[in-house]
Amino acid sequence: MQALLLLGDSWYGALDGGISSARWQSQFEEMYPADVFACPAYSIPGNHDYQRWPDSKVVAELEYARVGKTSAGPTRWTMPSLWYRFEFPAKLPLITCLALDSNMPYADGTTSHGRDFTLTPQQQTEQLAWLEAELQRQRTTPFLAVMGHHPIYSDGPHGDHHVLIRDWDPLFRKYNVHLYLAGHDHDLQHLEFENHPTSFFLSGGGGADLYNLKVDQSQRGPYAQKVYGFSHLSVTERQIALRHLDSNGRILHGFTKTPDGKVKLLN
Ligand SMILES: [Fe+2]
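Residues numbered from 1 in each chain as written. Predicted model: local features only at pLDDT ≥ 70, side-chain atom pairs only at ≥ 80, totals over all residues. Heavy atoms only, no water.

### Quick notes on the packing of aromatic side chains
Here is the rule: Side-chain rings of Phe, Tyr and Trp (the six-membered ring for Trp) are treated as a pair once their centres are within 6.5 Å; stacked means planes under 30 degrees apart, edge-to-face means over 60, and tilted covers the remaining angles. The secondary structure listing takes helices from DSSP runs of H or I that are at least 4 residues long and strands from runs of E that are at least 2 residues long, numbered from the N terminus. Per-residue accessibility, obtained with a 1.4 Å probe over protein chains only, is compared with the maximum for each type, and a residue is labelled buried under 20%, exposed over 50%, and partly exposed between these values.
Summed over the entire model, instances satisfying the criterion amount to 18 aromatic pairs. Where Phe 28 meets Trp 77, the ring centres are 5.1 Å apart and the plane angle is 85°; that geometry is what we call edge-to-face. Of the two residues, Phe 28 is situated in helix 1 (residues 23-29) and Trp 77 in strand 5 (residues 77-78); the sequence distance between them amounts to 49 residues. When sorted by exposure, Phe 28 lands in the same class as Trp 77, which is buried. On the basis of an interplanar angle of 15° and a centroid distance of 6.2 Å, the ring pair of Phe 86 and Phe 88 is categorised as stacked. On the basis of relative accessibility, which here comes to 6%, the residue Phe 86 falls in the buried class. A network of ring pairs unites the aromatic residues Trp 11, Trp 24, Phe 28, Tyr 32, Phe 37, Tyr 64 and Trp 77 as a single cluster.

### What about the coordination of the iron ion?
Test applied: For Na, K and Ca the donor cut-off is 3.2 Å, while for other metals it is 2.8 Å, and in both cases only N, O and S atoms qualify; water is not among them, so sites may look incomplete. Just to be clear on the cut-offs, tetrahedral is four donors with all angles between 85 and 135 degrees, square planar is four donors and octahedral six with opposite donors over 155 degrees apart and all others between 65 and 115, and anything else goes down as irregular.
Protein-derived ligands of the iron ion are Asp 9 (OD), Asn 47 (OD1), His 149 (NE2) and His 184 (ND1), with the metal-ligand distances lying across 2.1 to 2.2 Å. One can describe the donor arrangement at the iron ion as irregular, given that its 4 donor atoms subtend angles of 87 to 167° at the metal. One chain supplies every donor for the iron ion, spaced along it as D-x37-N-x101-H-x34-H. In this pair, Asn 47 sits in the loop between strand 2 (41-43) and helix 2 (57-67) while His 184 sits in the loop between strand 11 (179-182) and strand 12 (188-191), placing the two residues 137 residues apart along the sequence.

### Here's the deal with the sheet that holds strand 18 (residues 263-265)
Keep this limit in mind: A pair of strands counts as paired when DSSP detects no fewer than two bridges linking them. As a rule, the C-alpha atoms of each element are fitted with a line to give its axis, helices using only the stretch in contact, and angles between N-to-C directions run from 0 to 180 degrees.
Strand order in the open sheet formed by 4 strands is 15-16-17-18, and the pairing between neighbours is antiparallel. With partners counted over all chains shown, the strands left at the sheet margins are strand 15 (229-235) and strand 18, one partner each. The average angle at which neighbouring strand axes cross in this sheet is 15°, direction not considered. Relative to strand 18, strand 17 (residues 251-257) is paired through 3 bridges, and the arrangement is antiparallel. Along strand 18, the bridge assignment pairs Phe 255 with Leu 265.

### A few points about the sheet that holds strand 1 (residues 4-6)
One open sheet accounts for 3 strands, arranged 1-2-5; its pairing is parallel. Only two strands of the sheet have a single partner each, and these edge strands are strand 1 and strand 5. Here 3 bridges tie strand 1 to strand 2, and the two strands are oriented parallel to one another. Counterpart to Leu 6 in the pairing with strand 2 is Ser 43.

### Remarks on the environment of Thr 140
Inspection of the secondary structure assignment puts Thr 140 in the loop between helix 3 (121-136) and strand 10 (143-147). Sequence separation between Thr 140 and Leu 92 is 48 residues; the distance between their C-alpha atoms is 9.3 Å.

### Quick word on the pairing of strand 17
Counting buried positions along strand 17 yields 6 of 7 residues, so the element is predominantly enclosed. The pairing of strand 16 (residues 240-246) with strand 17 spans 6 bridges and is classified as antiparallel. Across the sheet, His 244 pairs through a bridge with His 253, a residue of strand 17. Connecting strand 16 to the antiparallel partner strand 17 that follows it, the hairpin turn spans 4 residues, and Gly 249 within it adopts a positive phi of roughly 90°. The antiparallel hairpin formed by strand 17 and strand 18 contains 5 residues in its connecting segment, where Gly 261 sits at a positive phi of about 95°.

### Quick notes on the pattern of salt bridges
How we decide: Salt bridges are defined as contacts in which a side-chain nitrogen from Lys or Arg sits within 4 Å of a carboxyl oxygen from Asp or Glu.
Summed over the entire model, instances satisfying the criterion amount to 10 salt bridges. In this structure, Glu 29 and Arg 76 form a salt bridge, with 3.4 Å as the shortest nitrogen-oxygen distance. On the criterion of sequence distance, the pair formed by Glu 29 in helix 1 and Arg 76 in the loop between strand 4 (73-74) and strand 5 is long-range, its members being 47 residues apart. The same class applies to Glu 29 and to Arg 76, which are both buried.

### Structural notes on the layout of surface pockets
Short version of the rule: Every definition here rests on a 1 Å grid over the protein atoms only: cavities are sets of points where a 1.4 Å probe fits but cannot get out, pockets are open sets enclosed by protein on both sides within 12 Å along at least five of seven lines, and lining residues have some atom within 4 Å of a point. Grid points are joined across faces, edges and corners, and a volume is the space filled by probe spheres set on the points. Polar here means any residue outside two lists: the nonpolar Ala, Val, Leu, Ile, Met, Phe, Trp, Tyr, Cys and Pro, and the charged Asp, Glu, Lys and Arg; Gly therefore counts as polar.
Of the pockets and cavities examined, the largest pocket occupies roughly 1,400 Å³. Lining of the largest pocket is provided by 41 residues; of these, Leu 5, Leu 6, Leu 7, Tyr 32 and Phe 230 occupy positions nearest its centre. Only strand 1, helix 1, strand 13 (199-203) and strand 15 provide two or more residues apiece to the lining of the largest pocket. Sort the elements by how many residues they give to the lining of the largest pocket and strand 15 lands first, with 7 residues. Class assignment of the residues belonging to the lining of the largest pocket gives a composition of 22 nonpolar, 17 polar and 2 charged. Estimated volume of the second largest pocket: approximately 470 Å³. What lines the second largest pocket is a set of 24 residues, and nearest its centre among them are Met 104, Pro 105, Tyr 106, His 150 and His 161. Among the elements of the structure, strand 9 (116-117) and helix 4 (162-167) are those that each provide at least two residues to the lining of the second largest pocket. Residue classes in the lining of the second largest pocket are distributed as 8 nonpolar, 13 polar and 3 charged.

Structure below.
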């Protein structure tokens, strides 16, 4: 295993004590045992992380990444900033990932609703400029992925995200992003659009209550299912392979994609 990709909403409910909370041990360090996942766990903030409960859980996540220690040494929890770039595998990287913060200011223009809050408009603008600069950078890996908690397109109840469609989607088209990884809706999805270079892959069936889909996969797919599960990404120089698996490890859906963007379904 080269990397764990955590797609946000890492903490529902209170994170009492911030980085001192016992939940770090039981619901991260032990839930993903280090002997199985001896790799960095790249994390991005979801809307449930953007809560002051009692204090900002996002601030605790950034701090835990900086100072978190376990009996085996430093934590694998990796979140150097709200948005950042990484590549893996560590030796001879094959995929570049741009990890983004999709917590956009609310539609009413505010950035705070009770204990929930969002990026500021200034951070939103800074991140967008950073994203384009990173997309323009010379890349040594055959594949390019972006990850953000909120889906840009979703067949689930949260639906399509109009701000991300306006701000991010044109950049994905322009710079041929291979893959967008999201969570947020409590289901598993894989959406393709004609003449769009990006595959939209949503893995949100991690344990919280499942949601009914709003759009059937026969209308917009190839795949959307209300099911608990997790997802696997493997990468070689010639292709990436993505799979959705149910909670028993049975493969539900999969596809491969080549560097020039050809998608092939596996089942
Ligand atoms: Fe969410």
